[in-house]
Structure formats: structure tokens, C-alpha cells
Amino acid sequence: MKRLWPRSLFGQTLLVLLAGLIVSQLFGAWIYSMDRSQIVRAVGGTVIAQRIVNLTRLVAEAPADWRARIVAASSDDTFTVALAVELPAAPLADADAPTADALRELLVEQLSADGSIVPQVVVSAPRGMLAGLAERMLANNPMARDFGGLGPFAGFRELQVAVPLADGRWLSFTTALPDSGGAF
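Note that the structure is a prediction, hence the values are computed from the model and not measured.

What counts and how
- Residues numbered from 1 in each chain as written.
- Predicted model: local features only at pLDDT ≥ 70, side-chain atom pairs only at ≥ 80, totals over all residues.
- Heavy atoms only, no water.
- Axes fitted to C-alpha atoms, helices over the stretch in contact; angles between N-to-C directions.
- Helix = DSSP H or I, 4+ residues; strand = E, 2+ residues; numbered from the N terminus.
- Parallel < 35°, antiparallel > 145°, perpendicular 65-115°, else oblique.
- Left-handed = near helix turned anticlockwise from the far one by under 90°.
- Contact = heavy atoms within 4.5 Å.
- Nonpolar A, V, L, I, M, F, W, Y, C, P; charged D, E, K, R; others polar.
- Salt bridge = Lys/Arg side-chain N within 4 Å of Asp/Glu carboxyl O.
- Buried < 20%, exposed > 50% of the residue type's maximum accessible area, 1.4 Å probe, protein only.
- Core = buried A, V, L, I, M, F, W, Y, C linked by side-chain atoms within 4.5 Å.
- Phe/Tyr/Trp six-rings, centres within 6.5 Å; stacked < 30°, edge-to-face > 60°.
- Lys NZ or Arg CZ within 6 Å of the ring centre and 35° of its normal.

K.L.:
How should I be thinking about the packing of helix α1 (residues 9-61) against helix α2 (residues 64-74) in this particular structure?
P.N.:
The axes of two packed helices give the description: the angle between them and the distance between them. Between α1 and α2, whose axes approach to 9 Å, the crossing angle comes to 160 degrees. With respect to α2, the element α1 is oriented roughly antiparallel. As α1 packs across α2, the resulting crossing turns out to be right-handed. Here Arg51, Leu55, Leu58, Val59 and Ala60 of α1 come into contact with α2, specifically with Arg67, Ile70, Val71 and Ser74. A class-by-class count of the residues in the contact of α1 with α2 yields six nonpolar, one polar and two charged.

What follows is the structure, given as C-alpha cells:
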């Protein structure tokens, strides 16, 4: 143990400075990682909410005979859109209420100025990266499959939204929200 500790005052000072630099860099990286996870969740939710708002407006303003074609063209493996006569059942049992409430408020704000359109929003609790819809997303995207999307500790939250239309029908969306996982 004496070998690792330098004998000279210069060597001891240099070792203490290097140790302090390493600790401060690790602490800074930890803070950055926590902020990054919050931003990934916030931006991912905002982008998906904006896509839902845009598609809802498009379908609501389109002639009735165009709606089915718009819905079919807008739906894919990672973002499922459907037009239903009744409110779709939300099969997610492990719901994350705070995230769903935040997304619902954002959607209400953007869909109607008076708050008359209130969508049904359900968000699953954070799950592992290969759960449910995320598994299908990764299977169809070789880049995400190789790199794990947001890294090996990333996960997803499944999002289900149903927006009422003026004619009594429901426009439903199913997709995944990114969840960047823990800081380390």
C-alpha cells in the first residue's frame, strides 16, 4: 500500500487533485444522466402528443368517406391508429396516473380551447425494453435492435389514447413512450 502513495509532497498533491477531478467528473456525469432521462421522457411525450393532435384534427376535418383511408395510412407498427364506434377498452392494468394526467392536460389544451374535448389516456408503468409494443418496434427496426434504442437500460411505457370525435366515434392511438431508465 505504501507503494501506491507517493513520497514527495508534489506527488501527494497531484494524486489528491487527480482523485478530486475523477470524483467531480463522475458526479457531473451522474447529474447529466438524470437530466437526460427527464428530457427524453418529456420530449418523447410532447412529440407523440403533437402527432396525436395533428392526426385528430386531420381526421375530424376530413370528409367522412376519407377518414378510414387517413387512419389506415397513418397507422404503422410503432404507432397504431384506429377509428371505433365505441370507446376502446384500455387493457393496461399497471397504469402510471401522473404521466397519463400530464399527457391528457397537454392534449386537452391543444385539441380544444374551451376544454370540451377530453381524451382518455392510459400509460403503463415503466417496463423492460422488450415488453409488448416495444418488442414489435425493435423487431422491425434493425438499428434499434442492435443498439437497444436508448441504451441497454432504456425501457418503454405503453401509451393508449382515445379521442372523441364530433360524430360520436372514437379515434384511438397506441404507441410507446420512451423511458430512458435510471441514471446509472
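Continuing now.
K.L.:
Please clarify how the pattern of salt bridges should be interpreted in this entry.
P.N.:
Close approach of charged atoms lets side chains of opposite charge pair. For the coordinates displayed, the defined rule picks out three salt bridges. Here Asp76 makes a salt bridge to Arg51, at a shortest N to O gap of 4.0 Å. Taken together, the residues span a long stretch of sequence, with Asp76 in the loop between α2 and β1 (79-84) and Arg51 in helix α1 at a distance of 25 residues. For Asp76, a relative accessible area of 37% corresponds to the partly exposed category. The exposure class assigned to Arg51 is partly exposed, which follows from its relative accessible area of 35%.

K.L.:
What exactly am I supposed to notice about the nonpolar core here?
P.N.:
The biggest cluster of nonpolar side chains holds 24 residues, and the ones touching the most others in it are Ile52, Leu107, Val121, Leu159, Val161 and Phe173. Secondary-structure elements contributing two or more residues to this core are α1, α2, β1, α3 (97-111), β2 (120-123), β3 (155-164) and β4 (170-179). The leading source of residues in this core is α1, at six residues. Setting aside residues up to four positions removed in sequence, Val161 forms contacts with Ile52, Leu107, Pro119, Gln120, Val121, Leu171, Ser172 and Phe173.

K.L.:
Is there a simple way to think about the packing of aromatic side chains in this case?
P.N.:
The geometry of two aromatic rings is summed up by the distance between their centres and the angle between their planes. In the structure shown here, the tally under the stated rule is two aromatic pairs. An angle of 40 degrees between the planes, with centres 5.8 Å apart, marks the rings of Phe27 and Trp30 as tilted. Linking Phe27 with Trp30, this pair stays in helix α1, spanning three residues, or about one helical turn. Here the aromatic rings of Phe79 and Phe173 are separated by 5.7 Å at their centres, their planes lie at 45 degrees, and the arrangement is tilted. One end of the pair, Phe79, is in strand β1; the other, Phe173, is in strand β4, with 94 residues separating them in the sequence. With respect to burial, Phe79 and Phe173 carry one shared label: buried. Here the basic side chain of Arg51 rests over the ring of Phe79, its NZ or CZ set 3.9 Å away from the ring centre.

K.L.:
Please clarify how the packing of α1 against α3 should be interpreted in this entry.
P.N.:
Two elements in contact, α1 and α3, have axes whose closest approach is 10 Å; the angle formed by their N-to-C orientations is 40 degrees. Taken together, α1 and α3 sit at an angle that is classed as oblique. At the point where α1 passes α3, the crossing takes the right-handed sense. Of the residues in α3, those touching α1 at Gly45, Thr46, Ala49, Gln50, Ile52, Val53, Thr56 and Arg57 are Leu103, Leu106, Leu107, Gln110 and Leu111. By residue class, the composition of the contact of α1 with α3 is seven nonpolar, five polar and one charged.

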